[in-house]
Amino acid sequence: MTFDFDFALQVLPDLVRGFAITIQATVGGSVLALALGLAFALANRSENRLLRVCSGSASEFLRRTPLLVQLFFIFYVLPDVGIVIPPIWAGILALGLHSSAYMSEVYRAGIEAVPKGQWEAALALNYHPVQTWRRVILPQAIPPMVPALGNYVVLMFKETALLAVITVPEAMNTARDIGNSTYQYTEPVTVVGILYLLISIPVVLALRFIERRVHQEAA
Amino acid sequence: MTGKTNLSIKAVGGTGSSQVAEFPYRETRLAQSADKQVEFRSIEKRYGHHQVLSDLSLSIKRGEKLSLIGPSGSGKTTVLRILMTLETIQGGSIWIDGKPLWHEERNGQLVKASQQHLRRQRAKIGMVFQHFNLFPHMTALENISQPQRIVLGRPRVEADVQALELLDMVGLRERAHHYPAQLSGGQKQRVAIARALAMKPEIMLFDEITSALDPELVEEVLNVLREIGRTSDMTMLLVTHEMTFAKEFSDRVLFMDGGRIVEEGEPDQLFSAPTQDRTRSFLRKIIAAGQRI
Ligand SMILES: Nc1ncnc2c1ncn2[C@@H]1O[C@H](COP(=O)(O)OP(=O)(O)OP(=O)(O)O)[C@@H](O)[C@H]1O
Ligand SMILES: [Mg+2]
């Protein structure tokens, strides 16, 4: 097997364009997952039993079924009941929903790590529950969660390759198209792999750095 | 869902064990005499099956300085936490300024207190904790300033000025921009006192506020308490193991044991001539442990 550098360079622009969509999907999915994960975590602690049960079973369901199944469901099944979502949005929705269930666990652990005395001090000062969350609990809970949440973002970044199956023209899909039409898979797939590494290695290093900082501050 | 019945109302419980207690409606209508600011009426407190307070009744006059003493586990902290609404009760009722804490009157009926009612009642009370519970992500100044702004709606400038004045009073003005982690235990506790005072409570609760401190830091905190006692007419309820301080500071001392008030009196009387065996044996143990009374 030989690696054709000229061919690799020639397909690079197309692959980079595909990669831009990969990044869009990751960013969109992460924003959704971060917000929804927090919402799940808050709902799980709610006084309202119905809300707790609903959010608990939803996040359980999202974690117990494969992402691929969720993707197919949103893109191929929902249209049968009249809900048609463009591929990229369907992808973002599936990625966001799926990770939100995992992220809600990170939020839960982080929130539980805030000492009980903080809640009590806020209540004694007559903070409204919303103020307690916003001013006291979350500012303490979130910084230590950043590394764990970041790891889920990196995981999602890699899982965007699955969006190829719902026709999203992200990097992997582009590579496959190139392969299908030229019968040369080695170069485009290798380039895509390298592009993934170029992004994920620095991100992982940054996360490790943040993690160390958070631990130092805690000490 | 307002639980309107004429004969009885339910003791409410948001957290913890939610056993239901009932008390006669008629009793709740009895007017409080004017000088009673706080009244505990036949309080029952249980954690599961563990009875922590039994039939505890207590009234506190406006401006009174009251100390609670007693062995570990006797329920002193619980009394303060109940008044601060950090704990619910399974029986009895609490009254502040002639109004029940967990209930309010609507159309001549006592119904479960709304959040507004609870917040109005809670606003009269401040608490200082054994372990300070300062907000670690805020400076000393912000710890004192933020609650005034977001709870009382004071403008930032006014809240900051107030905070600096209070920091001055507790001798920590130059530490205004330090975070709790950069302060000693005694300093943290003085900031916590300032934070509670900034909310202008009518009743202050102090739960063993020096017992988490190194011995050499105790006095600086007690001095702040002395100063507050001298200069303010707040009602103060103090749980303490410092008998000398309780004696000098309080108008009245309560000795608790096993979830009941065993004996109460003026400090001189209670410390020098206790009438109950349990009080005597507690004080003997305190003296044997090296404290002077
Ligand atoms: N959250 C809780 N769950 C179960 N039991 C509790 C809880 N809080 C307090 N107790 C029990 O209630 C009893 C009274 O506790 P409390 O803290 O009021 O005592 P205390 O007089 O303040 O004691 P100390 O001097 O040790 O602070 C103790 O037996 C304690 O174990
Ligand atoms: Mg205690």
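No experiment lies behind these values; they were computed from the predicted model shown.

Undergrad: Before we go on, may I ask you to explain the nonpolar core in this structure?
TA: The nonpolar side chains of a soluble globular protein tend to be buried with one another. Ile111(A), Phe40(B), Leu83(B) and Leu205(B) are the most contacted members of the largest nonpolar core, which totals 72 residues. Looking at which domains feed residues into this core, each of domain 1 (7-124 + 201-288) and domain 2 (133-200) of chain B gives three or more. Excluding its chain neighbours within four sequence positions, the residues that come into contact with Leu83(B) are Val38(B), Phe40(B), Ile94(B), Ile96(B), Leu101(B), Ile125(B), Leu205(B) and Leu237(B). If you look at the next biggest cluster of nonpolar residues, it comprises 36 residues, including Ala140(B), Leu172(B), Val218(B) and Ile228(B).

Undergrad: Help me understand the sheet that holds strand S7 (residues 99-100) of chain B in this model?
TA: Each strand in a sheet pairs with its neighbour through backbone hydrogen bonds, running either in the same direction (parallel) or in the opposite one (antiparallel). Residue and element names in this part refer to chain B. Sheet architecture is open: four strands sit in the order S4-S3-S6-S7, paired in antiparallel fashion. Sheet topology places strand S4 (50-61) and S7 at the edges, where each strand pairs with a single neighbour. Two elements, strand S3 (residues 36-47) and strand S6 (residues 91-96), share five bridges in a ladder whose sense is antiparallel. Residue Val38 lies in a different strand from S6, and its bridge partner there is Ile96.

Undergrad: Is there a simple way to explain the pairing of strand S11 (residues 203-207) of chain B in this structure?
TA: Residue and element names in this part refer to chain B. Of all five residues in S11, five are buried, a share of seventy percent or more. Covered by surrounding structure in S11 are Ile203, Leu205 and Asp207 together with Met204 and Phe206, the residues of both alternating faces. For strand S10 (residues 125-128) and S11, the ladder comprises four bridges, and the chain directions are parallel. Counted as the bridge partner of Ile125 is Ile203 from S11. Where S11 lies against strand S12 (residues 235-239), five bridges are found, and the strand directions are parallel. Note on S12: the bridge partner recorded for Ile203 is Thr235. Of the crossover connections in this fold, the one passing from S11 over helix H7 (residues 215-231) to the parallel S12 is right-handed.

Undergrad: I would appreciate a short explanation of the site of ligand 1 in the present structure.
TA: All names here are of chain B. Taken together, 13 residues lie around ligand 1, and Ser72, Gly73, Lys76, Thr77 and Thr78 are the ones closest in. At 3.0 Å, a backbone N or O of Gly75 approaches an oxygen atom of ligand 1. Contact distances for ligand 1 include 2.5 Å between an oxygen atom and a side-chain N or O atom of Thr78. For ligand 1, whose accessible area on its own is 630 Å², the fraction buried by protein is 62%. Elements that contribute at least two residues to the shell around ligand 1 include exactly S4 and helix H2 (76-83). No other element matches the three residues that H2 contributes to the shell around ligand 1.

Undergrad: Could you clarify how one ought to interpret the interface of chain A and chain B in this entry?
TA: A common way to state how big an interface is: give the accessible area lost once the parts meet. If you look at the interface, chain A gives 16 residues, while chain B gives 22 residues. Of the roughly 1,800 Å² buried where chain A meets chain B, counting both sides, 57% is carbon and sulfur surface. Counting every contact that joins chain A to chain B gives one salt bridge. Taken together, the elements giving at least two residues each to the side of chain A that touches chain B come down to helix H5 (116-124) and helix H6 (129-159) of chain A. The biggest single contributor to the side of chain A that touches chain B is H5(A), with seven residues. Tallied by class, the residues present in the side of chain A that touches chain B amount to eight nonpolar, six polar and two charged.

Undergrad: I would appreciate a short explanation of H5(A) in the present structure.
TA: Count 3.6 residues to each turn of an α-helix, and residues three or four apart come out pointing the same way. Of the residues making up H5(A), those classed as buried are Gly117(A), Gln118(A), Glu120(A), Ala121(A), Ala122(A) and Ala124(A). Against H6 of chain A together with H2, S10 and helix H6 (185-198) of chain B lie the buried residues of H5(A). Asn126(A) sits one or two residues past H5(A) and shows a positive phi near 70 degrees.

Undergrad: In this structure, what is going on with the sheet that holds strand S5 (residues 65-69) of chain B? I would like to understand it.
TA: All names here are of chain B. Pairing is mixed across the open sheet formed by six strands, whose spatial order is S10-S11-S12-S5-S13-S14. Sheet topology places S10 and strand S14 (260-265) at the edges, where each strand pairs with a single neighbour. Neighbour-to-neighbour, the strand axes of this sheet turn through a mean angle of 20 degrees, independent of strand direction. In this structure, S5 lies alongside strand S13 (residues 252-257), joined through four bridges in parallel fashion. Across the sheet, Leu68 pairs through a bridge with Leu254, a residue of S13. Here H6 sits on the sheet in contact with S10 and S11, set at roughly 175 degrees to S10.

Undergrad: How do you make sense of H2(B) when you look at a structure like this?
TA: Counting buried positions along H2(B) yields seven of eight residues, so the element is predominantly enclosed. Regarding H2(B), the residues found buried are Lys76(B), Thr78(B), Val79(B), Leu80(B), Arg81(B), Ile82(B) and Leu83(B).

Undergrad: What is the right way to look at the environment of Val221(B) in this model?
TA: All names here are of chain B. The topology assignment puts Val221 in helix H7. Residue Val221 is classed as buried on the basis of its relative accessible area, which comes to 0%. Measuring from C-alpha to C-alpha, the distance between Val221 and Ala159 comes to 23 Å, with 62 residues separating the pair along the chain. Filtering out sequence-adjacent residues up to four positions away, Val221 remains in contact with Gly186, Gln189, Arg190, Ile193, Ile209, Thr210 and Leu213.

Criteria and cut-off values
- The residue numbers shown here count from 1 along each chain, following its written sequence.
- Chains carry letters from A onward and ligands carry numbers from 1 onward, assigned in written order.
- In view of the model being predicted, local features appear only for residues whose pLDDT reaches at least 70, and side-chain atom pairs are presented and counted only at 80 or more, with totals across whole chains, interfaces and linings using the full set of residues.
- Remark: hydrogens and water are excluded; side-chain values derive from all non-hydrogen atoms of the structure.
- In this text, buried Ala, Val, Leu, Ile, Met, Phe, Trp, Tyr and Cys residues form a nonpolar core when linked through side-chain atoms within 4.5 Å.
- Buried, partly exposed and exposed residues are distinguished by accessible area as a fraction of the type maximum, computed with a 1.4 Å probe on protein chains only: under 20%, between the cut-offs, and over 50%, respectively.
- Segment limits for the domains were obtained from an automatic or database-derived domain assignment.
- Residue contacts are counted whenever heavy atoms from the two residues lie within 4.5 Å of one another.
- Here a strand pair is declared whenever DSSP counts at least two bridges between the two strands.
- To qualify as a helix, a DSSP run of H or I must reach at least 4 residues; to qualify as a strand, a run of E must reach at least 2; elements of each kind are numbered from the N terminus.
- Here a crossover is taken to be right-handed if, once the strands point away from the viewer, the path from the first strand over the helix to the second is traced clockwise.
- Near, as used in this document, describes a residue that has one of its heavy atoms within 4 Å of the molecule or strand being considered.
- We call two N or O atoms a polar contact when they sit within 3.5 Å, provided that within protein one can donate a hydrogen and the other can accept it, with sequence-adjacent residues counted only if both atoms are side-chain atoms.
- Accessible areas in this description were obtained via Shrake-Rupley with a 1.4 Å probe; residue shielding takes into account the shown protein chains only.
- Summed over both partners, the accessible surface that disappears when two parts come together, traced with a 1.4 Å probe, is what is meant by buried area.
- Definition used for salt bridges: Asp or Glu carboxyl oxygen within 4 Å of a side-chain nitrogen of Lys or Arg.
- Amino acids outside the nonpolar list (Ala, Val, Leu, Ile, Met, Phe, Trp, Tyr, Cys, Pro) and the charged list (Asp, Glu, Lys, Arg) are all regarded as polar, and Gly is one of them.
- Every axis in this analysis is a line fitted to C-alpha atoms, fitted for helices over the stretch in contact. Angles between the N-to-C directions lie between 0 and 180 degrees.

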